[in-house]
Amino acid sequence: MLLLLFLFFLCPPLTLSLNQEGLYLQRVKLGFDDPNGVFSNWNDRNDTPCDWYGVTCDSATRSVNSIDLSNTNIGGPFPSLLCRLRSLTSVSLYNNSINSTLPADLYTCQNLEHLVLAQNLLTGTLPQTLAQLPNLKYLDLTGNNFSGDIPESFGSFRRLEALSLVGNLLDGTIPSFLGNISTLKQLNLSYNPFSPGRIPPELGNLTNLEILWLSDCDLVGPIPDSIGQLKRLTDLDLALNNLNGPIPSSLTELSSVIQIELYNNSLTGNLPVTGWSNMTALRLLDVSMNELNGTIPDELCSLQLGSLNLYQNQFEGNLPKSIAKSPYLYELRLFQNRLTGELPKNLGKNSPLNFVDLSSNQFFGEIPATLCDKGELEELLMIYNSFSGNIPASFSKCQSLTRVRLANNNFSGEVPAGFWGLPHVFLLDLTDNSFSGEIAKTIAGATNLSALSISKNNFTGNIPDEIGWLENLVDFSGSNNQFTGSLPASIVNLGQLGKLDLHNNELSGELPSGMHSLKKLNELNLADNGLSGNIPEEIGSLSGLNYLDLSGNRFSGNIPLELQNLKLNQLNLSNNHLSGDIPPLYAREIYKNGFLGNPGLCGDIAGLCDSRDESKNLGYVWLLRSIFILAGLVFIVGVVWFYWKYRSFKKAKRAIDKSKWTLMSFHKLGFSEYEILDCLNEDNVIGSGSSGKVYKAVLSNGEAVAVKKLWQCSKTAVDQESGDVEKGQIHDDGFEAEVDTLGKIRHKNIVRLWCSCSTKDCKLLVYEYMPNGSLGDLLHSNKSGLLDWPTRYKISVDAAEGLSYLHHDCVPPIVHRDVKSNNILLDGDFGARVADFGVAKVVDASGKGPKSMSVIAGSCGYIAPEYAYTLRVNEKSDIYSFGVVILELVTGRLPVDPEFGEKDLVKWVCTTLDQKGIDHVLDPKLDSCFKEEICKLLNIGLLCTSPLPINRPSMRRVVKMLQEIGVEKQPKIAQKDGKLSPYYYEDASDQGSVA
Ligand SMILES: *[C@@H]1O[C@H](CO)[C@@H](O)[C@H](O)[C@H]1NC(C)=O
Ligand SMILES: *[C@@H]1O[C@H](CO)[C@@H](O)[C@H](O)[C@H]1NC(C)=O
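Counting restarts for each chain, with residues numbered from 1 along the sequence as it is written. The order in which chains are written sets their letters, starting at A; the order in which ligands are written sets their numbers, starting at 1. With pLDDT at 70 or above as the cut-off, local features in this predicted model cover only qualifying residues; side-chain atom pairs require 80 or more to be listed or tallied, and sums for whole chains, interfaces and linings still use all residues. To get the side-chain values, take all heavy atoms of the structure and skip hydrogens and water.

- Named according to an unreviewed UniProt entry, the chain is non-specific serine/threonine protein kinase originating from Nyssa sinensis.
- UniProt positions are given in the numbering used here, feature names are shortened, and annotations may be inferred rather than shown by experiment. Here the chain is described in UniProt, under the heading Subcellular location (unreviewed entry), as follows: "Cell membrane".
- You can read under Sequence similarities (unreviewed entry) in the UniProt record for the chain the words "Belongs to the protein kinase superfamily. Ser/Thr protein kinase family."

### Structural notes on unusual backbone geometry
1) Next: Of note in the backbone geometry, Ser360 takes a positive phi value of approximately 50° without being a glycine.
2) Next: Following the sequence through the fold, Ser360 ends up in the loop between strand 24 (355-357) and strand 25 (362-365).
3) Next: Exposed residues in this analysis have more than 50% of their type's maximum accessible area, buried residues have under 20%, and partly exposed residues fall in between, with area computed by a 1.4 Å probe over protein chains only. Here Ser360 falls in the partly exposed class, since its relative accessible area comes to 22%.
4) Next: Of note, the phi angle at Asn575 is positive, near 55°, even though the residue is not glycine.
5) Next: If you trace the backbone, Asn575 turns up in the loop between strand 42 (570-572) and strand 43 (577-581). Under the DSSP-based scheme used, a helix requires at least four consecutive residues in state H or I and a strand at least two consecutive residues in state E, with every element numbered from the N terminus.

### Looking at the packing of helix 11 (residues 789-809) against helix 16 (residues 955-966)
The angle between the axes and the distance between the axes are what describe a pair of packed helices.
1) Next: Interaxial angles span 0 to 180 degrees and are taken between N-to-C directions of axes, which are lines fitted to C-alpha atoms, for helices over the stretch in contact. Relative orientation of the contacting elements helix 11 and helix 16 amounts to 155°, with a least axis distance of 8 Å. Accordingly, the angle class assigned to the pair helix 11 and helix 16 is roughly antiparallel. Judged by the twist between their axes, the crossing of helix 11 over helix 16 is left-handed. Between helix 11 and helix 16, the contacting residues are Tyr793, Ser796, Val797, Ala800, Glu801, Leu803, Ser804, His807, His808 and Asp809 on the first element and Met955, Arg956, Val958, Val959, Leu962, Gln963, Ile965 and Gly966 on the second. Roughly parallel refers to an angle under 35 degrees, roughly antiparallel to one over 145, roughly perpendicular to one between 65 and 115, and oblique to any angle outside these ranges. Helix crossings get a hand from a simple test, with the near helix turned counterclockwise from the far one by less than a right angle marking a left-handed crossing and a clockwise turn marking a right-handed one. We call two residues contacting when some pair of their heavy atoms lies within 4.5 Å.

### Here's the deal with the site of ligand 1
1) Next: Around ligand 1, the surrounding shell consists of Asp33, Gly75, Gly76 and Asn99.
2) Next: Polar contact is the term for a pair of N or O atoms within 3.5 Å; when the atoms are in protein, one must be able to donate a hydrogen and the other to accept it, and sequence-neighboring residues count only if both atoms are side-chain atoms. One of the side-chain N or O atoms of Asp33 is found 3.4 Å from an oxygen atom in ligand 1.
3) Next: A distance of 2.3 Å separates an oxygen atom of ligand 1 from a polar atom in the side chain of Asn99.
4) Next: The Shrake-Rupley method, run with a 1.4 Å probe sphere, supplies the accessible areas, and residue values consider only the shown protein chains as cover. Considered on its own, ligand 1 offers 360 Å² of accessible surface; in the complex 36% of this is hidden by protein. A cutoff of 4 Å decides nearness: a residue is near a molecule or strand if any of its heavy atoms lies inside that distance of it.

### Side note on the packing of aromatic side chains
1) Next: Here the aromatic set is Phe, Tyr and Trp, taking the six-membered ring for Trp, and pairing holds for ring centres within 6.5 Å; pairs whose planes are under 30 degrees apart are stacked, those over 60 apart are edge-to-face, and all others are tilted. Applying the stated criterion across every chain yields a total of 15 aromatic pairs.
2) Next: Geometrically, the ring pair formed by Phe32 and Phe39 is stacked, given 5.8 Å between the ring centres and 15° between the ring planes. The same class applies to Phe32 as to Phe39, namely buried.
3) Next: For the pair Phe39 and Trp42, a centre-to-centre distance of 4.7 Å together with 70° between the ring planes defines the contact as edge-to-face.
4) Next: A relative accessible area of 2% means that Phe39 is categorised as buried.
5) Next: Grouping aromatic residues by their ring pairs yields a cluster made of Phe363, Phe387, Phe411, Trp420, Phe435, Phe459 and Phe483.
6) Next: Placement of a positive charge over a ring is assigned whenever Lys NZ or Arg CZ falls within 6 Å of the ring centre and within 35 degrees of the normal to the ring plane. Here Lys960 stacks its cationic end above the ring of Phe426, 5.5 Å away from the centre of that ring.

### Observations concerning the pattern of salt bridges
Side chains that differ in charge, positive against negative, can pair when their charged atoms come close.
1) Next: For salt bridges, the criterion is a side-chain nitrogen of Lys or Arg within 4 Å of an Asp or Glu carboxyl oxygen. One pass over the structure, following the stated rule, counts 16 salt bridges.
2) Next: Close ionic contact of Asp829 with Lys567 constitutes a salt bridge, the shortest N to O distance being 3.6 Å. In this pair, Asp829 is assigned in the loop between strand 52 (824-826) and strand 53 (832-834) and Lys567 in the loop between strand 41 (554-557) and strand 42, connecting sequence segments 262 residues apart.
3) Next: Take Asp829: its relative accessible area is 54%, and that puts it in the exposed class.
4) Next: Classification of Lys567 by relative accessible area gives partly exposed; the value is 47%.
5) Next: If you follow the salt bridges from partner to partner, you end up with Arg752, Glu768, Asp827 and Arg833 in one network.

### Quick notes on the environment of Ser359
1) Next: By secondary structure assignment, the location of Ser359 is in the loop between strand 24 and strand 25.
2) Next: Spatially, the C-alpha atoms of Ser359 and Tyr384 are 5.7 Å apart, while their sequence positions differ by 25 residues.
3) Next: Not counting residues within four places of it along the chain, the set of residues in contact with Ser359 comprises Phe335, Gln336, Leu381, Met382, Ile383, Tyr384 and Asn385.
4) Next: One polar contact links Ser359 to Asp357, side chain to side chain, over a distance of 2.9 Å.

Next up, the structure:
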């Protein structure tokens, strides 16, 4: 017996000894889903939970005072059982899948000081009772789905120092009672879909406040004077609202402020002229995209700023010289203002300048030679000014440069040899200046160069052979110069080259052989030179070629039949010495102008051959023939007329009255509207989209076109389809203007709109016919096997290029608004083109875009999250939808699928990726040997579908990243701090330069 007792003491049964707190935590553990097994050491072999993962105890009392389970992937509701731990002061469950609503009895955690539940899936309203936590100092609920108002009780927090509700779905207004939390140091409410409201002046009572973030909160009205009372404020962010009125002069009393962000509002008036000297700590001021005018205060520029963004306002006058003294200045973006005068002579001498964008102003004088003295200058954008003089010789050493745009100025002189060969420059744009001299052979060193635009200058000499070494070159535009000699033979090495435009130079000699290796060539324009020899038949194998202009040269011989393999948008061979027959495919009236001025050229087009010598003899034959043909024509017309009458009599009851059609055409047409109307019967329906029904019409010349009949046409047409009829309603007033804009678009990845025809109550759009139908139909059918990885990859690049063109290269930019796989059509070679602009919107020239739309745009599963509550549409919503298309390509799944439950594809991918891993996400039909590239595409898709619009890359960047997959490089996915997106600036500054 004694021995037994002894043994009992020696080996105490471990399970009995776990203390009460440990037992509570074990129950907490049971409530969580734990895919990563982080709770694996939460077992009862210990006597206290103090060594368990994420648990910290007070060293003296051994009771739990902190739980940190951030980034552990756990899921389930918040366990209010935690509040039984009497000493608990800190809980962080940051970035997990905590779901459901916050329990109302959370207030029983009486000692809680620090509560972080950011980046979870919490829903419902914010519990009133939170304010009853008497010791709470730090509350971070960022990135959840809380909705409703901020509860009134929040005004009564007694010790709260930080309140962060960023990125929820709060939809009331910002309440004035927040001004009562006098202990508050940080107030972060950005990115909530609040209803329009003012900044409560009471916030000026928060005299301890250091950080105030209210960006994208739908704030209206003026900035209250009282904000100036926040003497400890270091960071003020009121960007992305609709604030108006002047910037209050009291703002200059913010003596501790380091950073002020007021961009993208509607503020008016001048910047305060004096008072800035109070703000000696100010390093970053961004008041871009407002309606501010007046001059830039000298006192502001004396502050030793690091970043000054004043772009897209109406500032005038000079850039104060004092700015050049700042030892911190790295960013200076002043584009699209009315600034004038010369730049400070020593700009850059003292400052580590990184980004300088002065485009679209009226600056003049020379570029300061000191601009790159610190060797950090990456972007130098000065297009559309009146700068003159040379490019300073010192720039030859500016190895940091990546993007240089000096177009549309009055620069002259030779470009320094070293400048041609800067190794990191990928864009060099010198268009429309008076530069002279030759392209230096040193250009061989510009290994990253992708766009070389030097048109409209006075460059002379040969184009150096070294051009052919630039393997990343995509665009070479050197038209309207005085280049001589022949095209370098090495040019055929440019495997990435998409555009070669050297028209209007003095080039001579023959085209180099081996042109078939210019696989990516899309546009070849060598018009108005002195080129001779034959047109190489190899050109016929450039399957992407879309634009071919060799007019105004001395080409001779036959037109190669191989050109018939091309799908050309533009073919111009006029004014050469070509002879022989026109290839049958091109022997049509619509191509005629492209063949004029070649006396020896013949074909079945009237008016081409009559200057021939034999014409005298042949004259009679021709006359006879003509009479014959004329008689035949009269007969045919008669028959057609009769038939026509007969048909229209038969179809008198048809809803569409053909006689009143008005036709708007954007291309030369080989057909008439009547021919099309005859094809609009139900047998020819090939699809129906959100805005209308689509027919295939085979015309008399054998060509097929796709005709879309918009829904509002006739009652009968609408009745046959249920569902999204409202979506297709296009307001009549906008229709013509919109169709007009879209009709002018010519891009290889945009479906061409041939013409539109309309009557008072019916509208037809005639597009080119795409034999492989829509990506959506193909991908989600049993034929999806046709889409192997290389095809899917190419489709993603094509579609991205089309969208990028709409966003960046159209003036004004166009937002598609209904990007989805069903609106990406595939041609005979599975080349992709973006289609269906039923709801597209031209963005207002101010760059602000339509604020809200009267109709819901977009399709289920593709709508960006912010759209659901702001109804604001911009390029970023298209980018989100495109991201969904990428996810479809990668997963082979539908954007919404009952299998996903509540989730859409984006959420499904994210959770499946987290919980089961990559192999459960990728489409099993894809060949796994491409896994690496597929993952890269998936990454881009995820980036495009970022919940915060600001984190989504621009379409131009997307194209670049996609192309990088192709060349087997790691796509660079830059991490943003969530506020200052360089993508944004990049795009904005480009707007002026396109056209
Ligand atoms: C919350 O998450 C848990 C675990 O992941 C899950 O089982 C439960 O269904 C979720 N509840 C809700 C309301 O989404
Ligand atoms: C808070 O600010 C408002 C307006 O700025 C003012 O009227 C009020 O008296 C202030 N309240 C306190 C307690 O200071």
